[in-house]
Amino acid sequence: MDDRSLLIDASDIRTLLRRIGPDALMDDLTTRLERAIRQYDPATAQVPARTGLQYESPEWGLLEWMPAHFGEQGTTSKLVAYHPANPVGYGMPSIVSTISMFDTRSGHLLALMDGTLLTAMRTGAASAVASRVLALPESRTLGVIGCGTQAVTQVHGLSRVFEIGKVIVYDVRDEVAATFAERTAFLDSPVTSVGRNSLGDLLARADILCTCTSVAPGAGPVCPEFEGKPHLHVNAVGSDFPGKLELPAAVLRRSLVCPDFREQAIVEGECQQLEQAAIGPDLVTLVQNADSYARSRSSPTVFDSTGWALEDHVVAVMVFEYARELGLGRSITLECLPADPLDPYSLLASPALAAALRPASASEITSAGSPRGTTERSDPAR
Ligand SMILES: NC(=O)c1ccc[n+]([C@@H]2O[C@H](COP(=O)([O-])OP(=O)(O)OC[C@H]3O[C@@H](n4cnc5c(N)ncnc54)[C@H](O)[C@@H]3O)[C@@H](O)[C@H]2O)c1
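Here the structure is a predicted model, which is why all the values come from computation and not from measurement.

Colleague: Whenever I open this one, the pattern of salt bridges confuses me. Can you help?
Modeller: Side chains bearing opposite charge may pair, as long as their charged atoms lie close to each other. Per the counting criterion, the structure on display carries 17 salt bridges. Between glutamate 34 and arginine 132 there is a salt bridge, and its shortest N-O distance comes to 2.9 Å. Highlighted residues: glutamate 34 in helix 2 (residues 22–39) and arginine 132 in helix 4 (residues 116–134), separated in sequence by 98 residues. Judged by relative accessible area, glutamate 34 falls into the buried class, the value being 17%.

Structure follows, in structure tokens:
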């Protein structure tokens, strides 16, 4: 049995983006996600609500795990940290993450990869899938509240399935809204950023609205009660923790509210604000019955996106397949799998492993910083 794991690091993801291109990757991901949701059968899959821990110091943060098991088709688990002070305090994204893929028969780690860009892309793809069912196909004006990482991939994902002619954005931090046009320059849509005084105008003009703020628990909603267009579709992305809410309750009450994953959304999403009976169909029901929900496009709808582990599974499998096809990543022997599975110290008897585990001398450190023999670059030409 192959005891190696494929490490797909940031440089591999960058190579993947360069070779395939962000548009083609987003299109492939949206197609795969829609197919996975259409085929989703809870009798053969296990995708529990995420769990984890929250802490107040040294910074307010969360660490959560999001496992998903699809029988023979594989098992993945995302570990995700949310630290909303990161962009200002540490120059890092608010969401940092890795995804692990496992051999379902043995539990052996097949691959370990970045989950940071992948989370942003799959969240954009999820809004694209939901909006394709719930928003008017002729939607042209996109409103965005909260202009950080997720906002970029929300606009990207939606621009691949709608002909977005205008994007109007607002962020509580003017300097973040001001750089949004630059960060989405790879898209054709013209971007206008507005201040708090013009938030009402943004809300009145949007055909589709994405809320993707890092509002703190208890500090929402992020906009006042508003009327909006009769067909307004909202992708509510930032409500993903108890007490963390972006939309006024009145907006939810007059809309068809569709959670990505009901069990999770009633605890963490906008659905916290609704009685059980007022919650609409979940994403699986929507996608599996898309034709019957098309009539909802002319009335207000909300996709309550809390982030579902199925989405992480789909993006991880996609990246793993591309990595194998393009020769990206490097094989590492990460787990101690000894010659005698019943004797952990028999590791010392395996010559290859013993050499690999021997402390490296300075002369043995390669320019890549890896002790010789422990890694194998499958794409040395990068
Ligand atoms: N649904 C999902 O699957 C999913 C996935 C990833 C992240 N998220 C959530 O999406 C949100 C955004 O994540 P991100 O990675 O883009 O974070 P980010 O820090 O990059 O951006 C968030 C932005 O929201 C702005 N903001 C905060 N409060 C605001 C307010 N009241 N009004 C307007 N703007 C406000 C901040 O200034 C910041 O620029 C977070 O709450 C995160 O937990 C959800």
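Colleague: Help me out: how do you make sense of helix 2 in this one?
Modeller: Residue pairs three or four apart in sequence face the same way in an α-helix, which turns once every 3.6 residues. Helix length check: helix 2, at 18 residues, gives a terminal C-alpha distance of 25 Å against a target of 26 Å (1.5 Å per residue), a fit within 8%. Taken together, the buried positions of helix 2 are occupied by Leu25, Met26, Leu29, Thr30, Arg32, Leu33, Glu34 and Ile37.

Colleague: Explain the layout of surface pockets to me, please; I cannot follow it from the model alone.
Modeller: In this approach the atoms are scanned with a rolling probe the size of a water molecule, which exposes any empty space left behind. In this model, the largest pocket occupies a volume close to 1200 Å³. Lining the largest pocket are 50 residues, and of these Ser94, Thr149, Cys212, Thr213 and Ser214 sit closest to its centre. Breaking the lining of the largest pocket down by element, the ones donating at least two residues are strand 3 (61–69), strand 4 (75–82), helix 3 (86–89), helix 4 and helix 5 (149–159). The dominant element in the lining of the largest pocket, judged by the number of residues it contributes, is helix 4, at six residues. Classifying every residue of the lining of the largest pocket gives 24 nonpolar, 16 polar and ten charged.

Colleague: Any chance you could explain the site of the ligand here in plain terms?
Modeller: Ser94, Asp171, Thr213, Asp240 and Lys244 are the nearest of the 29 residues found near the ligand. Here an oxygen atom of the ligand sits 3.3 Å away from a polar atom, N or O, in the main chain of glycine 238. About the coverage of the ligand: the protein hides 92% of its 860 Å² of free accessible area. The cavity that encloses the ligand is the largest pocket. Elements with a minimum of two residues in the shell around the ligand: helix 4 and helix 5. For the shell around the ligand, the element with the highest residue contribution is helix 4, accounting for three residues. The residue inventory of the shell around the ligand, partitioned by class, reads eleven nonpolar, 13 polar and five charged.

Colleague: So what exactly am I meant to see when it comes to the environment of serine 292 here?
Modeller: Secondary-structure assignment places serine 292 in helix 12 (residues 290–293). Sequence separation between serine 292 and valine 133 is 159 residues, and the spatial gap between their C-alpha atoms is 9.5 Å.

Colleague: Help me out: how do you make sense of helix 13 (residues 309–326) in this one?
Modeller: Counted at 1.5 Å a residue, the expected span for helix 13 with its 18 residues is 26 Å, and the 26 Å between its end C-alpha atoms agrees. For helix 13, the tally of buried residues reaches 14 of 18 residues, placing the bulk of the element in the interior. Looking one or two places after helix 13, you find glycine 327, whose phi comes out positive at around 70°.

Colleague: Would you take a moment to explain the confidence of the model for the protein for this structure?
Modeller: As a general rule, the predicted coordinates of low-pLDDT regions are not to be interpreted in detail. Looking at the protein as a whole, its pLDDT mean stands at 92, while 91% of the residues score no less than 70. Considering only residues more than four positions removed or in separate chains, one finds that residues 360–382, a stretch of pLDDT under 50, has 44 contacts.

Colleague: I would appreciate a short explanation of the packing of aromatic side chains in the present structure.
Modeller: A full pass over the atoms with the stated rule returns four aromatic pairs. Between tryptophan 60 and tyrosine 82, the aromatic rings sit 6.1 Å apart at their centres with planes inclined by 85°, giving edge-to-face as the arrangement. Highlighted residues: tryptophan 60 in the loop between strand 2 (51–55) and strand 3 and tyrosine 82 in strand 4, separated in sequence by 22 residues. Residue class for tyrosine 82 comes out buried when judged on its relative accessible area of 9%.

Colleague: I'm lost on empty space enclosed by the protein in this one. Help?
Modeller: Scanning the entire structure with this criterion turns up one cavity of 30 Å³ or more. Empty space within the largest cavity amounts to approximately 40 Å³. Lining the largest cavity we find Ile13, Leu16, Leu25, Leu117, Leu118, Met121, Val315, Met318 and Val319. Those elements that place two or more of their residues in the lining of the largest cavity are helix 1 (10–20), helix 4 and helix 13. Partitioning the lining of the largest cavity into residue classes produces nine nonpolar, no polar and no charged.

Colleague: When you look at the packing of helix 4 against helix 13 in this model, what are you seeing that I'm missing?
Modeller: How two helices sit against one another is set out by the angle between their axes and by the gap between those axes. Between helix 4 and helix 13, whose axes approach to 9 Å, the crossing angle comes to 120°. In the crossing of helix 4 with helix 13, the sense of the turn from one axis to the other is right-handed. Contact with helix 4, carried on its side by Leu118, Thr119, Arg122 and Ala126, involves Glu311, Asp312, Val315 and Val319 of helix 13 and no other residues of that element. By residue class, the composition of the contact of helix 4 with helix 13 is four nonpolar, one polar and three charged.

Colleague: Got a minute to help me understand the pairing of strand 7 (residues 141–145) in this structure?
Modeller: On a regular strand, each side chain points to the face opposite its neighbour's, so the side chains alternate between the two faces of the sheet. Buried residues dominate strand 7, accounting for five of its five residues. Here strand 7 shows two buried faces, one formed by Thr141, Gly143 and Ile145 and the other by Leu142 and Val144. Bridging between strand 7 and strand 8 (residues 166–170) involves five bridges; their strand directions are parallel. Note on strand 8: the bridge partner recorded for isoleucine 145 is tyrosine 170. In this fold, strand 7 hands off to helix 5, which returns the chain to strand 8; that crossover is right-handed. Where strand 7 and strand 10 (residues 208–211) come together, four bridges link them in parallel fashion. Along strand 10, the bridge assignment pairs leucine 142 with isoleucine 208.

The rules we used
- Chains are numbered independently. Their residues run from 1 in the order of the written sequence.
- In view of the model being predicted, local features appear only for residues whose pLDDT reaches at least 70, and side-chain atom pairs are presented and counted only at 80 or more, with totals across whole chains, interfaces and linings using the full set of residues.
- Note that the side-chain values use all heavy atoms of the structure and ignore hydrogens as well as water.
- Any carboxyl oxygen of Asp or Glu within 4 Å of a side-chain nitrogen of Lys or Arg constitutes a salt bridge here.
- Put simply, DSSP H or I for four residues or longer makes a helix, DSSP E for two residues or longer makes a strand, and each gets a number counted from the N terminus.
- When accessible area is computed with a 1.4 Å probe and restricted to protein chains, residues below 20% of their type maximum are described as buried, those above 50% as exposed, and intermediate ones as partly exposed.
- Any helix carries an expected span of 1.5 Å times its number of residues minus one.
- A cavity here means a set of 1 Å grid points, computed over protein atoms only, where a 1.4 Å probe fits but cannot escape. A pocket is an open set with protein on both sides within 12 Å along at least 5 of 7 lines, and lining residues have an atom within 4 Å of a point.
- Grid points are joined across faces, edges and corners, and a volume is the space filled by probe spheres set on the points.
- Residue classes follow a fixed rule: Ala, Val, Leu, Ile, Met, Phe, Trp, Tyr, Cys and Pro count as nonpolar, while Asp, Glu, Lys and Arg count as charged, and any other residue, Gly among them, counts as polar.
- A cutoff of 4 Å decides nearness: a residue is near a molecule or strand if any of its heavy atoms lies inside that distance of it.
- Polar contact is the term for a pair of N or O atoms within 3.5 Å; when the atoms are in protein, one must be able to donate a hydrogen and the other to accept it, and sequence-neighboring residues count only if both atoms are side-chain atoms.
- Surface accessibility in these figures is a Shrake-Rupley result with a 1.4 Å probe; residues are shielded only by whichever protein chains are displayed.
- Put plainly, a molecule is in a cavity or pocket when over half of its atoms are within 2 Å of the grid points there.
- Per residue, pLDDT captures the predictor's confidence, and it can take any value from 0 to 100.
- Two residues form a contact once any of their heavy atoms are found within 4.5 Å.
- A pair of Phe, Tyr and Trp rings is counted when the ring centres sit within 6.5 Å of each other, with Trp represented by its six-membered ring. The angle between the planes then sorts it: under 30 degrees is stacked, over 60 is edge-to-face, the rest tilted.
- To obtain each axis, a line is fitted to C-alpha atoms, and for helices this fit is confined to the stretch in contact; angles are then taken between N-to-C directions over 0 to 180 degrees.
- Whether a crossing is left-handed or right-handed is set by the direction in which the near helix is turned from the far one by less than a right angle, anticlockwise for left-handed and clockwise for right-handed.
- In this analysis, strands are considered paired if DSSP registers two or more bridges between them.
- With the strands aimed away from the viewer, a crossover counts as right-handed if its path from the first strand over the helix to the second runs clockwise.

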